[in-house]
There are 2 protein chains.
Amino acid sequence: MTTGNASILDGNSFKAADAAALDDRRRALVERRQHRLGAAYRLFYRDPVELVRGRGAHAWDADGNEYLDLYNNVPSVGHAHPAVVDAVHRQMSLLNTHTRYLHGAVLDYADDLVSTMPAALEQVMFVCTGSEANDLALRVGREYTGGRAWIATSEAYHGNTALVSAHSPSLSGAEAMDPALRVVDPPDTYRYVSSEAAGAAFSAAVAEAIADIERSGDGLAGLIADSSFSSDGIYTGERGMIADAVDLVHAHGGVFVADEVQPGFARTGEDFWGFQRHGLVPDIVTTGKPMGNGFPIAAMIARREVLEPFSTARPYFNTFGGNPVAIAAAQAVLDTIRGEGLQAHALEMGEAMRTALRDLADAHPRIGDVRGAGLYTGLELVEDRETKAPDTALALAVLEELRERRVLTSVCGPSNSVLKLRPPLAISAADVPRLVDALDDSLTALGA
Amino acid sequence: MTTGNASILDGNSFKAADAAALDDRRRALVERRQHRLGAAYRLFYRDPVELVRGRGAHAWDADGNEYLDLYNNVPSVGHAHPAVVDAVHRQMSLLNTHTRYLHGAVLDYADDLVSTMPAALEQVMFVCTGSEANDLALRVGREYTGGRAWIATSEAYHGNTALVSAHSPSLSGAEAMDPALRVVDPPDTYRYVSSEAAGAAFSAAVAEAIADIERSGDGLAGLIADSSFSSDGIYTGERGMIADAVDLVHAHGGVFVADEVQPGFARTGEDFWGFQRHGLVPDIVTTGKPMGNGFPIAAMIARREVLEPFSTARPYFNTFGGNPVAIAAAQAVLDTIRGEGLQAHALEMGEAMRTALRDLADAHPRIGDVRGAGLYTGLELVEDRETKAPDTALALAVLEELRERRVLTSVCGPSNSVLKLRPPLAISAADVPRLVDALDDSLTALGA
Ligand SMILES: Cc1ncc(COP(=O)(O)O)c(C=O)c1O
Ligand SMILES: Cc1ncc(COP(=O)(O)O)c(C=O)c1O
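Residues numbered from 1 in each chain as written. Chains lettered and ligands numbered in written order. Predicted model: local features only at pLDDT ≥ 70, side-chain atom pairs only at ≥ 80, totals over all residues. Heavy atoms only, no water.

(A) Structural detail: the site of ligand 2. Close contacts around ligand 2 come from 13 residues, with Thr 319 of chain A together with Ser 131, Asp 259, Gln 262 and Lys 289 of chain B the closest. A distance of 2.5 Å is found between an oxygen atom of ligand 2 and a side-chain nitrogen or oxygen belonging to Thr 319 of chain A. Between ligand 2 and the protein, one listed contact pairs an oxygen atom with a side-chain N or O atom of Gln 262 of chain B at 2.7 Å. About the coverage of ligand 2: the protein hides 96% of its 390 Å² of free accessible area. The element best represented in the shell around ligand 2 is helix H5 (residues 130-145) of chain B, accounting for three residues. Classifying every residue of the shell around ligand 2 by side-chain character gives two nonpolar, nine polar and two charged. (Near = heavy atom within 4 Å. Polar contact = N/O pair within 3.5 Å; in protein donor to acceptor, adjacent residues only side chain to side chain. Areas by Shrake-Rupley, 256 points an atom, 1.4 Å probe, with all protein chains shown as cover. Helix = DSSP H or I, 4+ residues; strand = E, 2+ residues; numbered from the N terminus. Nonpolar A, V, L, I, M, F, W, Y, C, P; charged D, E, K, R; others polar.)

(B) Representation of the site of ligand 1 within the structure. Around ligand 1 sit Thr 129, Gly 130, Ser 131, Asn 134, Tyr 157, His 158, Gly 159, Asp 259, Val 261, Gln 262 and Lys 289 of chain A together with Thr 319 of chain B, and that is every residue in its neighbourhood. One chain alone does not account for the residues near ligand 1; they come from chains A and B. For ligand 1, an oxygen atom lies 2.5 Å from a polar atom in the side chain of Ser 131 of chain A. At 2.5 Å from an oxygen atom of ligand 1 is found a side-chain nitrogen or oxygen belonging to Thr 319 of chain B. Against a free-state accessible area of 390 Å², the protein chains account for coverage of 96% of ligand 1. Counting residues per element, the shell around ligand 1 draws most heavily on helix H5 (residues 130-145) of chain A, at three residues.

(C) Representation of the sheet that holds strand E2 (residues 58-61) of chain A. Residue and element names in this part refer to chain A. In space, the four strands of this open sheet follow the order E1-E2-E3-E13, with mixed pairing throughout. With one partner strand each, in any of the chains shown, strand E1 (51-55) and strand E13 (407-408) form the two edges of the open sheet. As judged from the four bridges shared by E1 and E2, these two strands associate in the antiparallel manner. Within E2, the residue paired with Arg 53 across the bridge is Trp 60. (Pairing = 2+ DSSP bridges.)

(D) Seen up close, the sheet that holds strand E2 (residues 58-61) of chain B. The strand order E1-E2-E3-E13 (chain B) describes an open sheet built from four strands, whose pairing is mixed. Pairing within the sheet leaves two strands with one partner each, and these edge strands are strand E1 (51-55) and strand E13 (407-408) of chain B.

(E) Quick look at the environment of Ala 258 of chain B. All names here are of chain B. Examined against the element boundaries, Ala 258 turns out to sit in strand E8 (residues 255-259). Classification of Ala 258 as buried rests on a relative accessible area of 0%. Remark: the alpha-carbon pair of Ala 258 and Leu 280, spanning 22 residues in sequence, is separated by 9.4 Å. (Buried < 20%, exposed > 50% of the residue type's maximum accessible area, 1.4 Å probe, protein only.)

(F) Region of the structure containing the interface of chain A and chain B. At the interface, 94 residues of chain A touch 96 residues of chain B. Together chain A and chain B conceal approximately 8,700 Å² of surface at their shared face, both sides included; 57% is due to carbon and sulfur atoms. Sorting the residues of chain A by area buried against chain B places Arg 36, Tyr 101 and Leu 102 of chain A first, and these three jointly supply 10% of that buried surface. The interface formed by chain A and chain B includes 10 salt bridges. Across the pair Arg 314 of chain B and Glu 175 of chain A runs a salt bridge, and its minimum N-O distance is 2.5 Å. Along the contact surface separating chain A from chain B lie 53 residue pairs in polar contact (both at pLDDT 80 or more). It is helix H2 (residues 24-37) of chain A that contributes the most residues to the side of chain A that touches chain B, nine residues altogether. Of the residues belonging to the side of chain A that touches chain B, the class tally is 46 nonpolar, 28 polar and 20 charged. (Contact = heavy atoms within 4.5 Å. Buried area = accessible area lost by both parts, 1.4 Å probe. Salt bridge = Lys/Arg side-chain N within 4 Å of Asp/Glu carboxyl O.)

(G) Fine view of the pattern of salt bridges. All told, the structure shown has 65 salt bridges over all chains when counted by the stated rule. When the shortest N-O distance is used, the salt bridge between Arg 366 of chain A and Asp 391 of chain A registers 2.4 Å. With Arg 366 of chain A in the loop between helix H11 (342-363) and strand E11 (367-373) and Asp 391 of chain A in the loop between strand E12 (376-381) and helix H12 (392-404), this pair connects stretches of sequence that are 25 residues apart. With relative accessibility at 7%, the residue Asp 391 of chain A sits in the buried group. Each member of the salt-bridge network shares a partner with another, and the members are Asp 135, Arg 139, Glu 143 and Arg 314 of chain A together with Glu 175 of chain B.

(H) Representation of the packing of helix H3 (residues 82-94) of chain A against helix H10 (residues 324-339) of chain A in the model. Residues and elements named next belong to chain A. The contact between H3 and H10 brings their axes to 8 Å, and the two run at 155°. In terms of orientation, H3 lies roughly antiparallel with respect to H10. The crossing of H3 and H10 is right-handed. Residue-level contacts link Ala 83, Val 84, Ala 87, Val 88, Gln 91 and Met 92 of H3 to Pro 324, Val 325, Ala 328, Ala 329, Ala 332, Val 333 and Thr 336 of H10. Per-class residue counts for the contact of H3 with H10 are 11 nonpolar, two polar and no charged. (Axes fitted to C-alpha atoms, helices over the stretch in contact; angles between N-to-C directions. Parallel < 35°, antiparallel > 145°, perpendicular 65-115°, else oblique. Left-handed = near helix turned anticlockwise from the far one by under 90°.)

Written out as structure tokens, the structure reads:
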């Protein structure tokens, strides 16, 4: 098991030595950043990008250069989407206050949100970030089960609070993990011969973790996982791949927390939520990033009986969580996804992208695998297809080459060898050949 | 030591039995809320308020009734302030993205923010909520000192994450506290004969806590406190009151975290930050609520050498933290505080309010104490002035009477006996007699 995802710990970050090559303006910004914000802030690229404007899946830098954005799942319905901008403006002009007064919109939105999910997921708590949603989920699950031990995947990132960091194995090179945490390998659909085999290996790993938890007396809280295994390397697999593992958790009295911060809100195209691809009914769902198209809003949705022991025992107050402006943003996002048919669009664009990338692989043997669902694609670079040895150096070099060609993205996976192609849902058909050409040129320039 | 602040745990909350008295519209909202959001969500008042519009220090409900808002410190420069609304609208129309690309505005704002503080406070990390800021602060302080034990005051509330809840003694009726936490009583300037005596008692309590930590081997991390002791009952005291206690913490190698979520951003009138009243230089400052006038933004500001061990050891990423829209809101708030002279205004209005309330006390012997700084006033209700026994029932009844007279506020302190008068800084001179008359009428109606 590899731990400490280089993407999260370091990855394609700017290094101090890169400063010399920058123009004065950007060197000054980089230096001010380091001085004022400190070392925990990482910056993408040797040659960092200064974005100042965005629209749809495109963004512009301070010099007026235009970029294709294949990285940002937060401005999900498109950068600066006017429906969200207008909704926020309208509500901000009226009122922005907390949830200790009544407000109808928060309830309308909550009803609308749960209507996209299996009926058992009935209750919603609003927070501001994915980290807050997962912090809450881990405590709610512990309170309900009485267990303390969570199972998570080896490169998972679930957020930045103390509790959540301690359950994010991708940070284990830097953070102490929770003593009760059990770490399992994700279902690597590329290295196992089939999705079935990957799913079976995942179930076996979860079974072993449960047995270990039961032996230890820690008590099983449950499994927390992103069903698209985003930071693990993007393993969407066949529909149903992880259902057995989740059944096992349930059979042993644990809960399943579906961290939908990345796959949620129509990204996978086939379904509105990533977990639906596997026919699951989670006990708790968390979401964040795309929920407000960049406005800070996130949520935890839970089965009533799972939330109740937590919520009846204590008050919970989140100053900004569920405020009417955040709700206006979130409602506009949901309405836009439906009104513009972005779920079907994500399916169509995603398939087109993977088909084109698979064709490209014929000419570039270092492309080991192209996988994903909807607008979430992982393209893995390898030393050779026989050994499937991940090629970190090539992946990081490709990122920089793509950036030179004004295509923005990042990497994931235990070796940072997987290009993470995760554009706004608003990407257009013309953007697909642009990506393919840029990647073709980048690989060619690198002799790969 | 009393624990479990009824204000936070229950306080002036709506109870199920109150539903019968509501009109159909509000009863339906209350029922939908309970059903959909669950029991952890608390609602103010027997007769909950449904606010739909705000301006300055005033708000309107769905029936068009106007209220004087003496509770909300979040819309600090005034509900729906056009400068903030416009700044957010402008930036949202351009771009909203994360901090892994360069953006000048976040650095300009960070520079501006630290310019309001002692020079030693040099580095800023942006988050979305006060809870996230404190979660980070507690870990930064532990990493720097190597100690694990924090000292906090007996009714303090510092936020809602797992780590921060476990350091919020006001939740101790519902949450397990951190095993290493030491709880001290706040400097109760009302029950001690003088601010000096209260400060000395506070120092003695801190000294005892430090000695206990040193005996135990837990290692001292430091003291986390809101220098206006907001949820403890509002004890602003004389300038310098808590300086000795903080010196003690420093002398024993601990850090001082000033939780400025409530007193910060000019509220105390005399100074921009609450800790400045006591001539302190904290090691870490956290802020939130008023920072973006309701837009979710918060920050942790630290001395460079205190942050460095944490920030060089790990990356920290907060998806929405410090995004250009949040920064636009925060910059507009800072500019408005300066442009409209709101700090001096807070001082003047606050003095006028306390003077008028002290005059009112002549006619109402159950007013035991009127205290505060700037636009942060605590008015304590007692059974009689001799014993100073807190009168919880009267305070809660006054809240409801004030609400009937369309004046919104809340209570704090270990017995919920202290009216918390904390209006937007944008309150006007005419609002002061309105409060005083409403309170006069309320006390008279209650035979007090
Ligand atoms: C899967 C997943 N969960 C949770 C989070 C945390 O979200 P936030 O940064 O909003 O706290 C992230 C952020 O990258 C994420 O990718
Ligand atoms: C003193 C203090 N600190 C921290 C917090 C937490 O802030 P937030 O609700 O934004 O997480 C609060 C909120 O009430 C507070 O009053």
